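What the coordinates show
Each chain, written out:
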Amino acid sequence: MFSDCDDDYSFDDDLEYGSNSETSETPQIERKYNIVAACDVISEMNKYIDRVNEIFKIKRSLVRRLLVHFKWNPERLIEKYYESQDDCEGLFKEAGIVYIPESDESFKRQISRNSSDGTCLICYAPNSETIGMLCKHYFCKSCWNIYFTTQIMDNGIAENIQCMETDCSTFVSENFVLSTISGEDVQTRYHQLIAGSYISSNLMYKWCPRPGCGNCAEVLSLDVKHIVCSCGMEWCFGCGEPDHLPLESCQILKKWKQKAIDESETNKWLVINTKECPKCSAAIEKLGGCNHMICNNLNCSFEFCWICLGEWAPHGSEWFSCNKYVEDEEHVAMLSKERKAMERYHHYYDRYWTHKRSRELEQGDLVMFVQTKSQYIQDRLNVTWIEAQFLKEALNVLTKCRTMLQYSYILAYYLVRSPQTVIFEENQKDLEHNTELLSGLLDNQNFPRDEKELLELKMKLNDRAAYCEKRRIVLMKDVQSGYEKGIWKYRTVF
Amino acid sequence: MSTPARRRLMRDFKRLQEDPPTGVSAVPTNNNIMLWNAIIFGPSDTPFEDGTFRLTIEFTEEYPNKPPTVKFVSKMFHPNVYSDGSLCLDILQNRWSPTYDVSAILTSIQSLLDEPNPNSPANSLAAQLYLENRREYEKKVIAIVEQSWVNTDGDADEAASTGRTTRS
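What you are looking at is a predicted structure, and each value in this text was computed from that prediction instead of being measured.

Moving on, we come to the overall build of chain A. Counting its secondary structure elements, chain A contains 15 helices and 13 strands. Per-residue burial for chain A yields a buried fraction of 44% across its 494 residues.

Below you can see the structure in the form of structure tokens.
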């Protein structure tokens, strides 16, 4: 049930990179985590609950509710439990549980044949045996079943299903649901939803971000970030995004993404076509008229000169021209600084975006193309499937390099220049150059016609891919050691 | 054909006749128990007083597990009623419980008339007037009360279709 991640990792590498000895030198990031399959999450959760329950010795479902309430932090729960001493009821009430201390069977279903007038008030089916919880609202089993099924399958609710009765807020226990619902798919979905709340409320767990994967990672310490899922997905535990090495900081990534939104078309238009009021910073577009500007912001109404953005008063009657323009070098310098900052941002953004886009395209069209090519050489040149895998392996290297390049530009944007960043940029340049060559080789429309050409292609691709992977690892190692030595400083002013 | 939904609807009808709630009334249409016509009388001491508002209630075979679709046929001016007559009411959506029946739905809508929730408006003009200009709001309500008296003759289906055309 646990896949040993070390094994996974080396297997992954072998798959992607054949027998090349370089792979063992992939930077050894701490990998203290487990990959848990969806179906095993429940038993993991139950084990965890049982450990906590050694103190309480009550029903598992009750402990789960308590743990959900305390965000799966057993220390806080136990602390509260000892604090509350005899007032367990208060603790349970806080967590939304109806609990009767005398009997642990607090959610025992009570069967009654004659609750109101003997029939279920929902379906009015004759001779129905009605069941209910402590809140004493009895309905027939079939109605409960339909109700639970709707809640689980249509509404995606599992943890907080309430009693069917109008305005009754009693939560339905797990046992009641499980003993009532029929249909394997409903049961499975119920378990999934319950596990979902365990995962989402437990800081040590996160779902693999790959759609449809269903695995999750359990870290043993929150410092662990780089996760390699058994589905092959590499992702960051810190932010749940796909792996963004060499950029280590999730905050910087977030900042970058926010910046990308801020620098949208609207903002670009504003930067090009408007100036800010020097006092209140409102964006002003000049549609005509003279250079004597009065800010439209009624709270501001600052009067200024459009050309030099200085206060209007000293301009006196010279509204037709501003001779201050030449003099005010400081201001001109400031303006051009802003423009430079924007240019600098676009320089990095364009490269970031190009690699991102290339990777997306390569994952779509190029994958298809490589498959066709692989099939072609298998069919025409009598090559076995395993021998044709060199194409796919090269493609995997390409994807890895693209990802690394993509994020390396974010890092580059935020780094303060230093001798080390020059080395970093050289590494980046080399990797970029070779990645493009690899991409070109893979994308080559010429199909090998004979064995000689195939051999040539294979050699070329393998060499280039090996070189790229080498450069990728060099870049990664360089950045990693920079983090360890504390060399990288982030810019605060742009 | 008897299905759980139909059996339940027959019960709802029986209950409505045996224990009629004040100010509301509902009957299944002639040939379809899954489609009902209903009337809500505007609650007294409110601007809606004396209004006779027609509605249709459309059930699915999933009733009572899923709520029916309720729509005003008469023109309505209310913060929580859309221009097509459909309602924004929690018990008809996420707070639905299978224990609600026709009588409970109609009484809930009746009390909604005078206790709107302007914070989640379906009709923004009504919500704005309700909050900022109560007098104008009441004037508009009284106008639709008067309109509700038109089209009272003829059978309900006909009223429903005329209601629709006059509104658009």
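Counting its secondary structure elements, chain B contains 5 helices and 4 strands. Taken from N to C terminus, the helices and strands of chain B fall in the order α-β-β-β-β-α-α-α-α. Per-residue burial for chain B yields a buried fraction of 48% across its 168 residues. Of the roughly 8,800 Å² of accessible surface on chain B, a fraction of 47% belongs to carbon and sulfur atoms.

Our focus in this paragraph is the confidence of the model for chain A. All names here are of chain A. Scored by pLDDT, chain A comes out at a mean of 78, with 79% of its residues at no less than 70. Per-element averaging of pLDDT across chain A places helix α1 (residues 5–17) at the bottom with 39 and helix α15 (residues 451–485) at the top with 92. The low-confidence segment residues 1–30, where pLDDT is below 50, has 52 contacts with residues more than four positions distant or belonging to other chains. Throughout residues 100–115 the model reports pLDDT below 50, and contacts reaching past four residues in sequence, or to other chains, amount to 34 contacts.

Moving on to the nonpolar core. Residues and elements named next belong to chain A. Among the nonpolar cores identified, the biggest contains 53 residues, and Leu67, Trp144, Phe148, Ile152 and Tyr198 are the most heavily contacted of them. Mapped onto the domain boundaries, this core takes at least three residues apiece from domain 1 (2–37 + 194–243) and domain 2 (103–182). Setting aside its immediate chain neighbours within four residues, Phe148 contacts Ile161, Val172, Phe176, Val177, Thr180 and Ile181. Formed by 47 residues, the second largest nonpolar core is a distinct cluster that contains Leu366, Phe369, Cys401 and Tyr483.

For the rest of this paragraph, the subject is the sheet that holds strand β1 (residues 24–29) of chain B. All names here are of chain B. One open sheet accounts for 4 strands, arranged β1-β2-β3-β4; its pairing is antiparallel. Two strands lie at the open edges of the sheet, namely β1 and β4 (69–72), each paired on one side alone. The mean inter-strand angle of the sheet, taken between neighbouring strand axes irrespective of direction, is 25°. Note that β1 and strand β2 (residues 32–41) share 6 bridges and pair antiparallel. Within the sheet, the bridge partner assigned to Val24 lies in β2 and is Ile40. Packed onto the sheet, helix α1 (residues 4–18) meets β1 and β2 and runs at close to 30° relative to β2.

Listed by partner, the interface residues are 14 residues for chain A and 12 residues for chain B. A combined buried area of about 1,200 Å² lies between chain A and chain B, and 53% of that area is made up of carbon and sulfur atoms. At the surface where chain A touches chain B, the tally comes to 1 salt bridge. A salt bridge links Asp154(A) to Lys66(B), with the nearest nitrogen and oxygen atoms 2.7 Å apart. On inspection of chain A and its partner chain B, the count reaches 7 residue pairs in polar contact (both at pLDDT 80 or more). When residues in the side of chain A that touches chain B are grouped by element, the largest group, 4 residues, is from helix α6 (residues 141–154) of chain A. In terms of residue class, the side of chain A that touches chain B is made up of 9 nonpolar, 2 polar and 3 charged.

Glancing now at α6(A). Residue and element names in this part refer to chain A. Over its 14 residues, α6 extends 19 Å from the first C-alpha to the last, a length consistent with the 20 Å expected when each residue adds 1.5 Å. Burial in α6 covers these residues: Cys143, Trp144, Asn145, Tyr147, Phe148, Thr150, Gln151 and Ile152. At the exit of α6 stands Gly156, carrying a positive phi of roughly 65°.

Right, let's get into the packing of helix α9 (residues 250–262) of chain A against helix α13 (residues 390–414) of chain A. All names here are of chain A. Direction vectors running N to C along α9 and α13 enclose 90°, while the axes themselves pass 10 Å from each other. Of the possible angle classes, the one that applies to α9 and α13 is roughly perpendicular. In contact with Ile252, Leu253, Lys255, Trp256 and Lys259 of α9, α13 contributes Tyr407, Ile410, Tyr413 and Tyr414. Residue composition of the contact of α9 with α13, grouped by class: 7 nonpolar, no polar and 2 charged.

In this section: the environment of Cys208(A). Residues and elements named next belong to chain A. Secondary-structure assignment places Cys208 in the loop between β6 (205–207) and β7 (216–219). Owing to a relative accessible area of 7%, Cys208 belongs among the buried residues under this scheme. Distance from Cys208 to Val36, taken between C-alpha atoms, is 9.9 Å for residues 172 residues apart in sequence. Not counting residues up to four positions away in its chain, the partners in contact with Cys208 are Cys213, Asn215, Cys216, Cys229, Cys231, Met233 and Trp235.

As a further point, take the pairing of strand β3 (residues 52–58) of chain B. Residues and elements named next belong to chain B. Burial of β3 is extensive: 6 of the 7 residues sit out of reach of the surface. In terms of strand pairing, β2 meets β3 through 7 bridges, oriented antiparallel. Looking at β3, one finds that Asn37 is bridged to Thr56.

On to the packing of aromatic side chains, then. All names here are of chain A. The final tally for this structure, using the stated rule, is 32 aromatic pairs over all chains. Consider the rings of Trp256 and Tyr414, whose centres lie 6.3 Å apart with planes at 70°: the pair is edge-to-face. Placement of the pair is Trp256 in helix α9 and Tyr414 in helix α13, with a sequence separation of 158 residues. Judged by its relative accessible area of 1%, Tyr414 is buried. Three or more aromatic residues joined by ring pairs make a cluster, and in this case those are Trp256, Tyr345, Tyr348, Tyr349, Tyr352, Tyr409, Tyr413 and Tyr414. Against the face of Phe237 rests Lys206, its NZ or CZ located 4.7 Å from the ring centre. One Lys or Arg, Lys259, reaches over the ring of Tyr345 and ends 4.7 Å from the middle of that ring.

Right, let's talk about the packing of helix α14 (residues 419–443) of chain A against α15(A) for a bit. Residue and element names in this part refer to chain A. It is the contact of α14 with α15, at a shortest axis distance of 9 Å, that shows an interaxial angle of 155°. If you check the angle between α14 and α15, you find them roughly antiparallel. Like other packed secondary-structure pairs, α14 and α15 cross with a definite hand, here left-handed. For the pair α14 and α15, the contacting residues are Ile423, Phe424, Asn427, Gln428, Asp430, Leu431, Asn434, Thr435, Leu437, Leu438, Leu441 and Leu442 in the first and Lys460, Leu461, Arg464, Ala465, Tyr467, Cys468, Arg471, Arg472, Val474, Leu475, Asp478 and Val479 in the second.

All names here are of chain A. The two faces of strand β2 (residues 33–36) match: Tyr33 and Ile35 on one face and Asn34 and Val36 on the other face are all buried. Sheet topology note: the β2/β7 ladder contains 4 bridges and is antiparallel. Residue Tyr33 lies in a different strand from β7, and its bridge partner there is Val219.

Calculation rules
Residues numbered from 1 in each chain as written. Chains lettered and ligands numbered in written order. Predicted model: local features only at pLDDT ≥ 70, side-chain atom pairs only at ≥ 80, totals over all residues. Heavy atoms only, no water. Helix = DSSP H or I, 4+ residues; strand = E, 2+ residues; numbered from the N terminus. Buried < 20%, exposed > 50% of the residue type's maximum accessible area, 1.4 Å probe, protein only. Areas by Shrake-Rupley, 256 points an atom, 1.4 Å probe, with all protein chains shown as cover. pLDDT = per-residue confidence, 0-100. Contact = heavy atoms within 4.5 Å. Core = buried A, V, L, I, M, F, W, Y, C linked by side-chain atoms within 4.5 Å. Domains from an automatic or database assignment. Pairing = 2+ DSSP bridges. Axes fitted to C-alpha atoms, helices over the stretch in contact; angles between N-to-C directions. Buried area = accessible area lost by both parts, 1.4 Å probe. Salt bridge = Lys/Arg side-chain N within 4 Å of Asp/Glu carboxyl O. Polar contact = N/O pair within 3.5 Å; in protein donor to acceptor, adjacent residues only side chain to side chain. Nonpolar A, V, L, I, M, F, W, Y, C, P; charged D, E, K, R; others polar. Expected span 1.5 Å × (residues − 1). Parallel < 35°, antiparallel > 145°, perpendicular 65-115°, else oblique. Phe/Tyr/Trp six-rings, centres within 6.5 Å; stacked < 30°, edge-to-face > 60°. Lys NZ or Arg CZ within 6 Å of the ring centre and 35° of its normal. Left-handed = near helix turned anticlockwise from the far one by under 90°.

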